[in-house]
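The lines below spell out each chain.
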Amino acid sequence: MRIGQHIITAGSATVAEFGAHAAEAKARGYDSGWTNQQPGGWDPIAVLAAMPDSPPELGTAVVPTYPRHPVVMATEALSTQALTGGKLTLGIGPSHEWAMTGQLGLPYASPARHTREYLEVLRPLLRGEHVKYAGRFFTVDTQLAISAPEPPVLISALGPRMLDVARELADGTIALWVQPGLVADYLVPRLGDDSRVVVMVTVSITTDPGGVRENFARELAIVNELPAYRAILDRGGLSGPADTVIAGNDEEVAAELRRFADAGATDLVVNAIGDPGERARALDLVPQVFAG
């Protein structure tokens, strides 16, 4: 089991702050640090190059595909791969109609097919190949000249069609709003034996787990309105994202984290919540759980 720390790169964060968080993740013994695209936040690929003191792997979970042409994505990814000495794992996904159309005015047509075509262009570009491609969404005839190792590519696959794409064209999936049972019974069987199953988990060391989940449910109410997330919650028999929060004392949290390893998850990426002391305690606990 590999463990990762979620590094907040919201618009209010500074370069010094997310660099410090990456250094802390490395000092704690985490295998990876991960960023995502937040509304109004930093570019999740570019900021990774500003984390020189960081864990061995730096990942994005995830970068939306619709606003970036795959040639642009490949160019940025290889640039960051070169600047970080080969640490990048590129996590991408179609995001949601609410964000792509509602906020950016972009058509959100056929996200699974869009993702398939995207990867058919992106992956060979990342390998340094000349790509000549004509599809529904992309027509490409180009090659990149950036010298950098090909980064692994993961996609935010939750539904059956997206998981098919992940199995065929990506190195695995990045999943959230899931519990261990769904990982074992649904995600793992649909992916190949060599696929990574990266699970994002929210963790809180607290004496009031009920209160933590109530607050989380209020803050993340929008999740219930996003079809892809609502579908995965329904598939897992969950009422909302708060049902996936791992909260309690050290022993209770450790036991729940181990369940993900037993279910077949290859990576856990931890988002610790609470006050600074509670966050530090949770982030300190995770490497101890999986030590050795």
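The structure we're discussing is the one just above.
Residues numbered from 1 in each chain as written. Predicted model: local features only at pLDDT ≥ 70, side-chain atom pairs only at ≥ 80, totals over all residues. Heavy atoms only, no water.

## Remarks on the pairing of strand 5 (residues 88–93)
- Counting buried positions along strand 5 gives 6 out of 6 residues, so the element sits mostly inside the fold.
- Side chains L88, L90 and I92 of strand 5 all project onto a buried face; the interleaved residues T89, G91 and G93 project onto the opposite face, where all are buried too.
- Pairing analysis gives 2 bridges linking strand 3 (residues 57–60) to strand 5, with the strands arranged parallel. Paired with G59 across the bridge in strand 5 is T89.
- The sheet contact formed by strand 4 (residues 63–64) and strand 5 spans 2 bridges and is parallel. In the sheet register, V63 faces strand 5, and the bridge partner there is I92. (Buried < 20%, exposed > 50% of the residue type's maximum accessible area, 1.4 Å probe, protein only. Helix = DSSP H or I, 4+ residues; strand = E, 2+ residues; numbered from the N terminus. Pairing = 2+ DSSP bridges.)

## A look at the packing of helix 2 (residues 70–83) against helix 4 (residues 111–126)
- Two elements in contact, helix 2 and helix 4, have axes whose closest approach is 9 Å; the angle formed by their N-to-C orientations is 35 degrees. The hand of the helix 2/helix 4 crossing is right-handed. Mapping the contact onto sequence places P70, V71, M73, A74, A77 and L78 in helix 2 and Y118, V121, L122, L125 and L126 in helix 4.
- Here the residues of the contact of helix 2 with helix 4 are counted per class, giving 11 nonpolar, no polar and no charged. (Axes fitted to C-alpha atoms, helices over the stretch in contact; angles between N-to-C directions. Left-handed = near helix turned anticlockwise from the far one by under 90°. Contact = heavy atoms within 4.5 Å. Nonpolar A, V, L, I, M, F, W, Y, C, P; charged D, E, K, R; others polar.)

## With respect to the pattern of salt bridges
- With the rule as written, the count across this model stands at 19 salt bridges.
- Where E24 meets R28, a salt bridge forms, and the shortest distance between an N and an O atom there is 4.0 Å. With a gap of 4 residues between them, E24 and R28 both fall in helix 1 (residues 15–28), about one helical turn apart.
- By relative accessible area, E24 is classed as partly exposed at 37%.
- Notably, a salt bridge pairs D43 with R68, separated by 2.3 Å at the nearest N-O pair. In this pair, D43 sits in the loop between strand 2 (32–35) and strand 3 while R68 sits in the loop between strand 4 and helix 2, placing the two residues 25 residues apart along the sequence.
- Ionic contacts of the salt-bridge type, sharing partners, join the residues R123, R127, E129, E150 and D171 into one network. (Salt bridge = Lys/Arg side-chain N within 4 Å of Asp/Glu carboxyl O.)

## Focus: the packing of aromatic side chains
- Enumeration according to the criterion identifies 5 aromatic pairs in this entry.
- Judged by centre distance (5.3 Å) and plane angle (85 degrees), the ring pair of F18 and W42 falls under edge-to-face. Remark: W42 occurs in the loop between strand 2 and strand 3 and F18 occurs in helix 1; sequence separation between them is 24 residues.
- Looking at F18, the relative accessible area reads 1%, which means it is buried. (Phe/Tyr/Trp six-rings, centres within 6.5 Å; stacked < 30°, edge-to-face > 60°.)

## Some remarks on the pairing of strand 10 (residues 196–205)
- The element strand 10 is extensively covered by neighbouring structure, given that 10 of its 10 residues are classed as buried.
- Side chains R196, V198, M200, T202 and S204 of strand 10 all project onto a buried face; the interleaved residues V197, V199, V201, V203 and I205 project onto the opposite face, where all are buried too.
- Sheet topology places strand 9 (residues 172–175) next to strand 10; 4 bridges connect them, and they run parallel. The partner of T173 across the bridge, within strand 10, is V197.
- Between strand 9 and its parallel partner strand 10, the chain crosses via helix 6 (residues 180–190), and the hand of that crossover is right-handed.
- Examined bridge by bridge, strand 10 and strand 12 (residues 267–272) share 6 bridges and lie parallel to one another. Looking across to strand 12, one finds that M200 is bridged to V269.
- Pairing analysis gives 3 bridges linking strand 10 to strand 11 (residues 246–248), with the strands arranged parallel. Across the sheet, residue V203 finds its bridge partner in strand 11, namely I246. (Right-handed = clockwise from strand over helix to strand, strands pointing away.)

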